[in-house]
Amino acid sequence: MTTHTAPAPTAAAPTTAPAARGRRARPGRLGVHAFLMAVSLAFLAPLLLAVYASLRPYDETSRDGYFSLPKHLSLDYYKQAFTDAGMTKYFVNTLIIAVPGVVIVLFLAAFVAFAVSRLRLRGGMLLLMLFTAGNLLPQQVIVTPLYVVFNRIPLPYWMSDSMTMFDSYWAVIAVQVGFQIGFCVFVLANFMRTLPQEILEAAIVDGAGVWTQYWRITLPLCRPALAALATLQFTWMYNDFLWALVFMSDGDKLPITSALNNLRGQFFTDYNLLAAGSVIVALPTLIVFLLLQRHFIAGLTLGSSKG
């Protein structure tokens, strides 16, 4: 009687199916990567073109075009833009507006978000909806009423040369805080809701008051969200042009975004010089992002791995 033995399984058999699936999935991944690269280049193209133009003489680009190969590259336009536009003064003006604005917005928004999300106040959800709805109001709608109001609010001389909120940094800071606080409350309140309630309950058992719950327990846990919001808020306030133009009549108080207008001539505009000025203006926001990049990315990915 003969016996038949089954053939021994080969080692390659279990790996053929996953390998085949990997080969089938690879073209899809390549397509996604190609699409993302194309979108990234589309967004970076204006910045790269501005940097390229700022390094070339205007005579060369006017003769050969902006997309031609360069014959001479230099940083002369950056030196000229920084000195001709008086950017140092405008940078200081922007910091006077943006830094206090970011601090006040995050300070007040954290208070409101903590009260709405952690203290279980009556009408807390309605209050959160009210702050969120404020973001839907077009800012341009209230330009005229704010202009009238700020001209009637008195301030002491040491706070404003005009003795009113008009033509002062306080007007621009107040508007920035008023319009940005709703977004920050919405983000922080939703993040604080994800924090374990047991942490606060244990603190209450240990005798922690409301201030200790807020300052020593909740805020340290909100550091990624606060860093992400600080980056966004600084960028938005730094790039703002409308409010300072409306509420300031003294040109020496205008922020950096208005300094680019000083590079435009009455009858002729050197767009390569203007491109150099634009790159200089964009550098501080890039530096802030690089410094807070780790916290910013952590804030954007909050809750992505939670079930």
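Our subject is the structure listed above.
These numbers come from a predicted model, not from an experiment. (Residues numbered from 1 in each chain as written. Predicted model: local features only at pLDDT ≥ 70, side-chain atom pairs only at ≥ 80, totals over all residues. Heavy atoms only, no water.)

### So, the overall build of the protein chain
Secondary structure assignment for the protein chain yields 13 helices and zero strands. Counting from the amino terminus, the protein chain carries its helices and strands in the arrangement α-α-α-α-α-α-α-α-α-α-α-α-α. For the protein chain, the proportion of its 307 residues judged to be buried stands at 36%. (Helix = DSSP H or I, 4+ residues; strand = E, 2+ residues; numbered from the N terminus. Buried < 20%, exposed > 50% of the residue type's maximum accessible area, 1.4 Å probe, protein only.)

### A short note on the packing of aromatic side chains
Under the defined criterion, the tally for this structure stands at 13 aromatic pairs. On the basis of an interplanar angle of 90 degrees and a centroid distance of 4.8 Å, the ring pair of Phe107 and Phe111 is categorised as edge-to-face. One end of the pair is Phe107 and the other is Phe111, both in helix α4 (residues 87-117) and four residues apart, which spans about a single turn. On the basis of relative accessible area, Phe111 is assigned to the partly exposed category, the value being 31%. (Phe/Tyr/Trp six-rings, centres within 6.5 Å; stacked < 30°, edge-to-face > 60°.)

### Observations regarding the side chain of Thr257
Residue placement: Thr257 occurs in the loop between α11 (242-247) and α12 (271-291). Look at Thr257 and you get buried, because its relative accessible area is 16%. A polar contact is formed between the side chain of Thr257 and the backbone oxygen of Asp240, at a distance of 3.1 Å. Excluding anything up to four places from it in sequence, Thr257 contacts Tyr238, Asn239, Asp240 and Phe241. (Polar contact = N/O pair within 3.5 Å; in protein donor to acceptor, adjacent residues only side chain to side chain. Contact = heavy atoms within 4.5 Å.)

### What to know about the nonpolar core
Of all hydrophobic cores here, the largest spans 66 residues; its most connected members are Met87, Phe150, Leu188, Trp243, Ile256 and Leu263. Elements that contribute at least two residues to this core include exactly α3 (76-84), α4, α6 (143-152), α7 (169-193), α9 (210-221), α10 (223-239), α11 and α12. Excluding its chain neighbours within four sequence positions, the residues that come into contact with Ile256 are Met87, Tyr90, Phe91, Thr94, Tyr238 and Val281. (Core = buried A, V, L, I, M, F, W, Y, C linked by side-chain atoms within 4.5 Å.)

### Re α6
An α-helix turns once per 3.6 residues; consequently, residues spaced three or four apart project the same way. Among all positions of α6, only Val143, Leu146 and Phe150 are buried. Buried residues in α6, looked at end-on, bunch into an arc of 65 degrees, giving them a common side. Exposed side of α6, more than 90 degrees from the buried face: Thr144 and Arg152 are the residues found there. In the core, the buried residues of α6 are packed alongside α7 and α11. (Arc of directions from axis to C-beta.)

### Re a nonpolar patch on the surface
Together, Ile104, Phe107, Leu108, Phe111, Trp211 and Trp215 give the surface a local cluster of nonpolar side chains, amounting to about 570 Å² of exposed area. At four residues, the largest contribution of residues to the nonpolar patch is made by α4. (Patch = residues over 30% accessible without salt bridge, like charges linked within 9 Å, V, L, I, M, F, W, Y side chains within 5 Å. Areas by Shrake-Rupley, 256 points an atom, 1.4 Å probe, with all protein chains shown as cover. Salt bridge = Lys/Arg side-chain N within 4 Å of Asp/Glu carboxyl O.)

### Focus: unusual backbone geometry
Positive phi, normally seen in glycine, also occurs at Met163, with a value near 65 degrees. Relative to the assigned elements, Met163 resides in the loop between α6 and α7. Located in the positive-phi region is Asp167, a residue other than glycine, with phi close to 60 degrees. Tracing the chain through its elements places Asp167 in the loop between α6 and α7.

### A look at the packing of α4 against α10
Any two packed helices are characterised by how steeply their axes cross, that is the angle between the axes, and by the distance between the axes. The N-to-C vectors of α4 and α10 enclose an angle of 140 degrees; their axes lie 9 Å apart at closest approach. Along this stretch, α4 crosses α10, giving a crossing that reads as right-handed. Residues Phe91, Thr94, Leu95, Ala98, Gly101, Val102, Val105 and Leu106 of α4 form the contact with α10, whose participating residues are Leu226, Leu229, Ala230, Gln233, Phe234, Met237 and Tyr238. For the contact of α4 with α10, the class distribution of residues is 12 nonpolar, three polar and no charged. (Axes fitted to C-alpha atoms, helices over the stretch in contact; angles between N-to-C directions. Left-handed = near helix turned anticlockwise from the far one by under 90°. Nonpolar A, V, L, I, M, F, W, Y, C, P; charged D, E, K, R; others polar.)

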